[in-house]
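Each chain, written out:
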Amino acid sequence: MNTSLLKRKIIQKKFNLGVIGLGYVGLPIANRFINKGIKVYALEQDLEKVSKLKKGINYINNSSLKNFNYFKKNKNNISNDYSILRNCDVVLVCLPTPLKNKKPDMSFVYNCGKKIKKILKSYQLIILESTVFPGATIEFSKKFLKKEHILGKNIFLGYSPERENPGDKMFSYKTTPKIVSGYSKKCLDLTETVYKHVVKKIVKAKSLHAAETSKLLENLYRSVNIGLVNELKMICERLKIDVFEVIRLASTKNFGFQKFVPGPGLGGHCIPIDPFYLSWVSQQRGYDPKFIRLAGELNSSMPKWVVKKMLRNIKIKNPSILLLGVSYKKNVDDDRESPAFEIMKLLKEKNIRFQYNDPYFPILRKGRNLKFSKKSILLNKKNLKKFDATLVVTDHDLYDYKFIYENSKKIFDARGVYKNFNFPNVSYC
Ligand SMILES: NC(=O)c1ccc[n+]([C@@H]2O[C@H](COP(=O)([O-])OP(=O)(O)OC[C@H]3O[C@@H](n4cnc5c(N)ncnc54)[C@H](O)[C@@H]3O)[C@@H](O)[C@H]2O)c1
């Protein structure tokens, strides 16, 4: 094997692709390559997921994965054992990069590097897709390089941040430009050649560091702007101005303004977490970022603000509340870091009775997010009428908002979804 042979294999789709971590990012990516006729080998640590995929059961709500049965047909192509990657020419790493004590937890990625080392062969291309701080891809490579390996010569390293937007019906993976970067020119060229099979537009970064930082900027941009409109919401409340109307007007400007809407706080695996990756690395170099921290503080104070405002306006002693939506954003079956949990925690602390409904989460089990288990209740007339108020936490499209309005005693809306209707009796919080 040599570099040109590896490139030829990639161009001719004769390469074996390994995907590590079949979660929200890894599974859809694997599927995209599978759909192009590329042979995929998957490494997934969660045996329940492995077993489901072998039975043709998909655990991610993503329209592109309907009828996904590749691993049912190719049971030997998925395992929790690293030896599955032995014959892979290209390996994509799609592992979690969470926080631990508000600092980057790179243990999933770095431990994976150590395990890759055991099976690594010359002329393999390893591409990291996880969101990381600048410099982390190089650190990752140090875990798997063997003595005989020279990065950029007989082992190749790429970084390509994922831009998956779960639940998005407007922008597809194919039409979203993909940023690629490499340790050397050869690494970059090979990485680009891989993604050419599945995306239309590729943007080449000049360095791994720039590509890593660009992903953080994308999420920081959202965090800061969401923080801004959440603060505007609090200001407008005091001034008795409708914040949604203000945003509607401002967003008619056809240049220099992008619309963001206030909500009950941030969730998901990206926006609440990624800014800490940048602030951490910045602190390491002696600069303590202010803007980033402020946005985080503002956004994480929102559940408290929402609960406070709702309880102030409900004017009932010991009210009962129905929470609508647990996902961190609409139309997704993802509850990671969802503000709904903070709202539940606050209600529980205040001994306020509550139930929830979320078609994406029929049950919430006791664990990291909650100190109790709860079942989603049916959204029927009888149940709606039982509660003193219904609070819209997540504005899923599949809710019948007219029906909910007509059968609730009082509506509190933390998403502004009722601004699309002409109902008089809604309080926004
Ligand atoms: N979810 C998104 O929308 C999104 C978007 C852009 C970027 N990202 C980034 O992509 C990365 C992955 O995120 P995700 O949402 O797919 O996470 P996820 O938790 O959904 O998926 C990770 C998968 O890796 C598996 N796993 C964990 N440790 C493993 C190991 N040692 N070996 C094999 N498998 C292992 C888990 O079981 C899980 O299935 C993160 O860095 C995230 O920040 C996520």
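As shown above, the structure is provided for reference.
Criteria and thresholds
Residues numbered from 1 in each chain as written. Predicted model: local features only at pLDDT ≥ 70, side-chain atom pairs only at ≥ 80, totals over all residues. Heavy atoms only, no water. Buried < 20%, exposed > 50% of the residue type's maximum accessible area, 1.4 Å probe, protein only. Helix = DSSP H or I, 4+ residues; strand = E, 2+ residues; numbered from the N terminus. Right-handed = clockwise from strand over helix to strand, strands pointing away. Pairing = 2+ DSSP bridges. Near = heavy atom within 4 Å. Polar contact = N/O pair within 3.5 Å; in protein donor to acceptor, adjacent residues only side chain to side chain. Areas by Shrake-Rupley, 256 points an atom, 1.4 Å probe, with all protein chains shown as cover. Domains from an automatic or database assignment. Core = buried A, V, L, I, M, F, W, Y, C linked by side-chain atoms within 4.5 Å. Axes fitted to C-alpha atoms, helices over the stretch in contact; angles between N-to-C directions. Parallel < 35°, antiparallel > 145°, perpendicular 65-115°, else oblique. Left-handed = near helix turned anticlockwise from the far one by under 90°. Contact = heavy atoms within 4.5 Å. Nonpolar A, V, L, I, M, F, W, Y, C, P; charged D, E, K, R; others polar. Salt bridge = Lys/Arg side-chain N within 4 Å of Asp/Glu carboxyl O.

A. Geometry of the pairing of strand β8 (residues 155–159). Among the five residues that make up β8, five are buried, leaving the element largely enclosed by the rest of the structure. Burial along β8 is two-sided: Ile155, Leu157 and Tyr159 facing one way and Phe156 and Gly158 facing the other are all buried. Handedness of the crossover joining strand β7 (residues 124–128) and β8 through helix α6 (residues 136–144) is recorded here as right-handed. Sheet analysis places β8 next to strand β9 (residues 178–182), joined by two bridges and oriented antiparallel. Considered in β9, the bridge of Gly158 is made with Gly182.

B. Structural context of the site of the ligand. Neighbouring the ligand are 26 residues; Val25, Glu44, Lys49, Thr97 and Thr131 lie closest to it. Between Thr97 and the ligand, the recorded distance is 2.5 Å, taken from a side-chain N or O atom to an oxygen atom. Between the ligand and the protein, one listed contact pairs an oxygen atom with a side-chain N or O atom of Arg336 at 3.0 Å. Starting from 830 Å² of accessible surface for the ligand in isolation, the protein chains cover 92%. Residues from two domains meet in the shell around the ligand; each of domain 1 (3–206) and domain 2 (208–299) gives at least three.

C. Spatial organisation of the nonpolar core. Ile20, Leu85, Val93, Ile116, Phe140 and Phe144 are the most contacted members of the largest nonpolar core, which has 42 residues in total. Per-domain counts for this core show at least three residues from each of domain 1 (3–206) and domain 2 (208–299). Membership of the second largest hydrophobic core comes to 39 residues, among which are Leu17, Cys94, Phe156 and Tyr195.

D. Region of interest: the packing of helix α8 (residues 208–239) against helix α12 (residues 302–314). Where α8 contacts α12, the two axes come as close as 11 Å, and the packing angle between them is 25°. Classified by the interaxial angle, the pair formed by α8 and α12 is roughly parallel. The element α8 and its partner α12 pack so that their crossing is left-handed. Contacts between α8 and α12 involve Asn230, Lys233, Met234 and Glu237 on the former and, on the latter, Met302, Trp305, Val306, Lys309 and Arg312. Of the residues assigned to the contact of α8 with α12, the class counts are four nonpolar, one polar and four charged.

E. Focus on the sheet that holds strand β12 (residues 353–357). Across the sheet, which stays open at both edges, the five strands sit in the order β12-β11-β15-β16-β17 with parallel pairing between neighbours. At either margin of the open sheet sits one strand with a lone partner, and together these are β12 and β17 (426–428). Across the sheet, the axes of successive neighbouring strands diverge by a mean angle of 25°, strand direction being ignored. Looking at chain direction, strand β15 (residues 389–392) and strand β16 (residues 411–413) are connected through three bridges and run parallel. Bridge pairing in β16 links Thr390 to Ile411. On the sheet, helix α13 (residues 339–349) packs against β11 (320–324), β12 and β15 and is oriented at approximately 160° with respect to β12.

F. View of the pattern of salt bridges. By the definition in use, this model includes 17 salt bridges. As a salt-bridge pair, Glu237 and Lys309 come within 3.9 Å of each other at their nearest N and O atoms. Pair noted here: Glu237 is in helix α8 and Lys309 is in helix α12, with a separation of 72 residues, a long-range link. Overall, the relative accessible area of 12% leaves Lys309 in the buried class. Arg248 is the salt-bridge partner of Glu245, the closest N and O atoms lying 2.9 Å from each other.

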